[in-house]
Amino acid sequence: MVSGDAARLTVLSGPSGVGKGTVVAEVRRRYPDVWLSVSVTTRRPRPGEVDGVHYHFVAEGEFDRLVATDGLLEWAEYAGNRYGTPVAPLRERLAAGAPALLEIELQGARQVRARDPEAQLVFLAPPSWAELVSRLAGRGSEPPAVQERRLALAQAELDAAGEFDVVVVNDDVARAAFELVGLLTAPSPGLVPGE
Ligand SMILES: Nc1nc2c(ncn2[C@@H]2O[C@H](COP(=O)(O)OP(=O)(O)O)[C@@H](O)[C@H]2O)c(=O)[nH]1
Ligand SMILES: Nc1ncnc2c1ncn2[C@@H]1O[C@H](COP(=O)(O)OP(=O)(O)O)[C@@H](O)[C@H]1O
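What you see is a predicted model; the values in this text were computed from it and never measured. Throughout this document, residue positions are counted from 1 along each chain, in the order its sequence is written. By the order in which they are written, chains take letters starting at A while ligands take numbers starting at 1. For this predicted model, a pLDDT threshold of at least 70 governs which residues receive local features, and a threshold of 80 or more governs which side-chain atom pairs are given and counted, while totals over whole chains, interfaces and linings are taken from all residues. Note that water and hydrogens are dropped before the side-chain values are worked out from all heavy atoms of the structure.

A. Structural context of unusual backbone geometry. One non-glycine residue, Asp 70, lies in the positive phi region at around 55°. Think of it this way: any DSSP run of H or I at least four residues long counts as a helix, any run of E at least two long counts as a strand, and we number them from the N terminus. Along the chain, the position of Asp 70 falls in the loop between helix 2 (60–68) and strand 5 (72–78). Positive phi is not limited to glycine here, since Ala 79 has a value of about 50°. Inspection of the secondary structure assignment puts Ala 79 in the loop between strand 5 and strand 6 (81–86).

This is the structure we're talking about:
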């Protein structure tokens, strides 16, 4: 169990290119108090990504060390790189009674669910497959071969949407961000106020 009764852990997942980063950035722009976990990754930074802000960019050996010392709540390999959630800052945040958000892929979301059944799993879905393909291509941050690899994974991720507690459709960024904020701050269904 990671989250206690006082705070809620929310996991946001969805296929590459659906707009997770965009929606989360909009949530934080409007509500700077929302806390987002900064993951560690072995992926190379993209232009404009800042170490310690978007990710902690680490070498393979450092990632191995974090896994071996139980420093990660969950971790997964995705499209040839490893990603994981540092456990210490998350525990601290939840212990302080504040909501926390993880933006992670499907295998990681499943690991969080297994470790913390109270965690809220939210799936960000595209309005259509065609729109997902066009967003991933439009972002232009990966060469076509990497985009293809991510689209193949995206199909499997879309098939898993039913495992999540809530599906939010990212048709409009502001609307989807508003919906996500509502979920982040909603009391846990297991909690009865005043008890
Ligand atoms: N399991 C897990 N997945 C993560 C973590 N951090 C990021 N991811 C996911 O890894 C995938 C690839 O991330 P990234 O390379 O930044 O590409 P992008 O999300 O398509 O911009 C996305 O689905 C992220 O949500 C993490 O700590 N754990
Ligand atoms: N609701 C939306 N409508 C149109 N384009 C969007 C929307 N949300 C995100 N995008 C665009 O889609 C692309 C992928 O978004 P991004 O946030 O990088 O996705 P992810 O983090 O899920 O991989 C970006 O170019 C972004 O500007």
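So that's the structure; there's more coming.
B. View of the side chain of Glu 105. Looking at the element boundaries, Glu 105 is found in the loop between strand 7 (100–103) and helix 4 (106–115). Relative accessibility under 20% of the residue-type maximum defines a buried residue, over 50% an exposed one, and the middle range a partly exposed one, all with a 1.4 Å probe and only protein chains included. Neither His nor the chain ends contribute to the count of charged residues, in which Lys and Arg are positive and Asp and Glu negative. Salt bridges are identified by distance alone: a Lys or Arg side-chain nitrogen within 4 Å of an Asp or Glu carboxyl oxygen. Buried and unpaired, Glu 105 has Arg 110 as its nearest opposite-charge partner, separated by 7.6 Å. A 3.5 Å cut-off defines polar contacts: any pair of N or O atoms within that distance qualifies, except that in protein one atom must be a possible hydrogen donor and the other a possible acceptor, and neighbouring residues in sequence count only when both atoms are side-chain atoms. Within the local environment of Glu 105, its side chain forms a polar contact with the backbone nitrogen of Gly 108, the two atoms lying 2.9 Å apart.

C. Seen up close, the sheet that holds strand 9 (residues 166–169). A pair of strands is treated as paired once DSSP finds two or more bridges between them. The five strands are arranged 2-7-1-8-9 in an open sheet whose pairing can be described as parallel. The two strands at the open ends of the sheet, each matched to only one other strand, are strand 2 (35–36) and strand 9.

D. Spotlight on the site of ligand 1. We call a residue near a molecule or strand whenever a single non-hydrogen atom of that residue lies within 4 Å of it. Ser 39, Arg 43, Tyr 55, Tyr 83 and Glu 103 are the nearest of the 18 residues found near ligand 1. Contacts to ligand 1 include Arg 46, whose side-chain N or O atom sits 3.0 Å from an oxygen atom. Take Glu 74: an N or O atom from its side chain is 2.7 Å from a nitrogen atom of ligand 1. Note on areas: Shrake-Rupley with a 1.4 Å probe; residue coverage comes only from the protein chains shown. A total of 570 Å² of accessible area belongs to ligand 1 in isolation, and the protein chains cover 95% of it. Residue assignment for the shell around ligand 1 shows that the elements contributing at least two residues are strand 5 and strand 6. Across the shell around ligand 1, the residue classes tally to five nonpolar, five polar and eight charged. In this classification, Asp, Glu, Lys and Arg are treated as charged, Ala, Val, Leu, Ile, Met, Phe, Trp, Tyr, Cys and Pro as nonpolar, and every other residue, Gly included, as polar.

E. Molecular detail of the site of ligand 2. Near ligand 2, the surroundings consist of 14 residues, among which Gly 17, Lys 20, Gly 21, Thr 22 and Arg 139 are the closest. At a separation of 3.0 Å, an oxygen atom of ligand 2 approaches a polar backbone atom of Gly 19. Between Arg 135 and ligand 2, the recorded distance is 3.2 Å, taken from a side-chain N or O atom to a nitrogen atom. Protein contacts shield 73% of the accessible area of ligand 2, which totals 560 Å² for the unbound molecule. If you list the elements that add at least two residues to the shell around ligand 2, you get helix 1 (20–30) and helix 5 (129–139). In terms of residue count, helix 1 provides more of the shell around ligand 2 than any other element does, three residues in total.

Geometry only, nothing functional implied.
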